[in-house]
Amino acid sequence: MRRIVALSLFTLASLASTVQSQARAPSDPAEEVRQMQKRYADAIQASDTAALRKIWADDYTFTNGAGQLVTKAQRLANLRSGATNVQSADETDVKVRVYGRDAAVLTSRVTLKAQYSGKQGSGEYRNTAFWVKTPAGWQMAANQITLIAK
C-alpha cells in the first residue's frame, strides 16, 4: 500500500511539473505579432490614442502613402485632430518573419478607406511593419504603406 501511495504521489508530482513547464513554454512570436497587428488595426480605426501610445514604440515612425515621414507624436496629434481618420482597413496576405527573439517584420496587403495627415489616403496598399519585443511586449517601431499601382 505504501508503494502505491508513493508511486501515486510521484506520478502526480511529475504530471504537475510537466503541466507547469508547458504553461511556461513560449508562445509563437509570429502569432503574437499577428495579434498585435490586429490590435493596431482596431485601435487606428477607433482613433484609440491611448492604445496606440502603447502599441507604438517611443521612437516609432510612419511613412505614409505620400512618402511623408511622420513621428509617433505627429500621428497621435493627427488622430486627435481628425487629420488622420481610418474608417476601414481590410488586411490580407499577412506574413510574419521573426528574427531572433525580439524582432519581426510583417508584410501585408491592405485596402484602406482613410485620410492621412489631412490628405485622401483610400486605396490598395502594401504594408511593411517592423515590430520589436520590449519589456512592455511587442511594439511597432516603424511601418510604411505603398500604394499599389493599378
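Bear in mind that the values here come from a model prediction, so they are computed numbers and not experimental data. (Residues numbered from 1 in each chain as written. Predicted model: local features only at pLDDT ≥ 70, side-chain atom pairs only at ≥ 80, totals over all residues. Heavy atoms only, no water.)

Draft legend 1. Quick peek at the overall build of the protein. In terms of regular secondary structure, the protein is built from 4 helices and 7 strands. Ordering the α and β elements of the protein from the N terminus gives α-α-α-β-β-α-β-β-β-β-β. Pairs at least 24 apart in sequence give 49% of the contacts found in the protein among residues at least 6 apart. Carbon together with sulfur atoms contributes 56% to the accessible area of the protein, which is approximately 9,300 Å² in total. (Helix = DSSP H or I, 4+ residues; strand = E, 2+ residues; numbered from the N terminus. Contact = heavy atoms within 4.5 Å. Areas by Shrake-Rupley, 256 points an atom, 1.4 Å probe, with all protein chains shown as cover.)

Draft legend 2. Quick look at the packing of aromatic side chains. Applying the stated criterion across every chain, the model contains 3 aromatic pairs. Taking 6.3 Å as the distance between ring centres and 55° as the angle between the ring planes, the aromatic pair formed by Tyr40 and Trp56 counts as tilted. Residue Tyr40 is located in helix H2 (residues 29-45), and its partner Trp56 is located in strand E1 (residues 56-63); the two are separated by 16 residues in the primary sequence. An identical accessibility class is assigned to Tyr40 and Trp56; each is buried. Between the aromatic rings of Phe62 and Tyr116, the centroid separation amounts to 5.5 Å while the plane-to-plane angle is 45°, which identifies the pairing as tilted. (Phe/Tyr/Trp six-rings, centres within 6.5 Å; stacked < 30°, edge-to-face > 60°. Buried < 20%, exposed > 50% of the residue type's maximum accessible area, 1.4 Å probe, protein only.)

Draft legend 3. Main features of the pairing of strand E3 (residues 85-99). In the sheet, E3 pairs with strand E4 (residues 103-116) via 12 bridges, with the strands oriented antiparallel. Paired with Val98 across the bridge in E4 is Ala104. Once E3 ends, the chain turns through 3 residues before running back antiparallel as E4, passing Gly100 with a positive phi of about 65°. (Pairing = 2+ DSSP bridges.)

Draft legend 4. Highlighting unusual backbone geometry. Phi at Ser47 is positive, roughly 50°, even though this residue is not glycine. As for its placement among the helices and strands, Ser47 is situated in the loop between H2 and helix H3 (49-55). Residue Ser47 is classed as partly exposed on the basis of its relative accessible area, which comes to 30%. We note that Asp93 has phi near 50°; this positive angle belongs to a residue other than glycine. When you line up the elements, Asp93 lands in strand E3.

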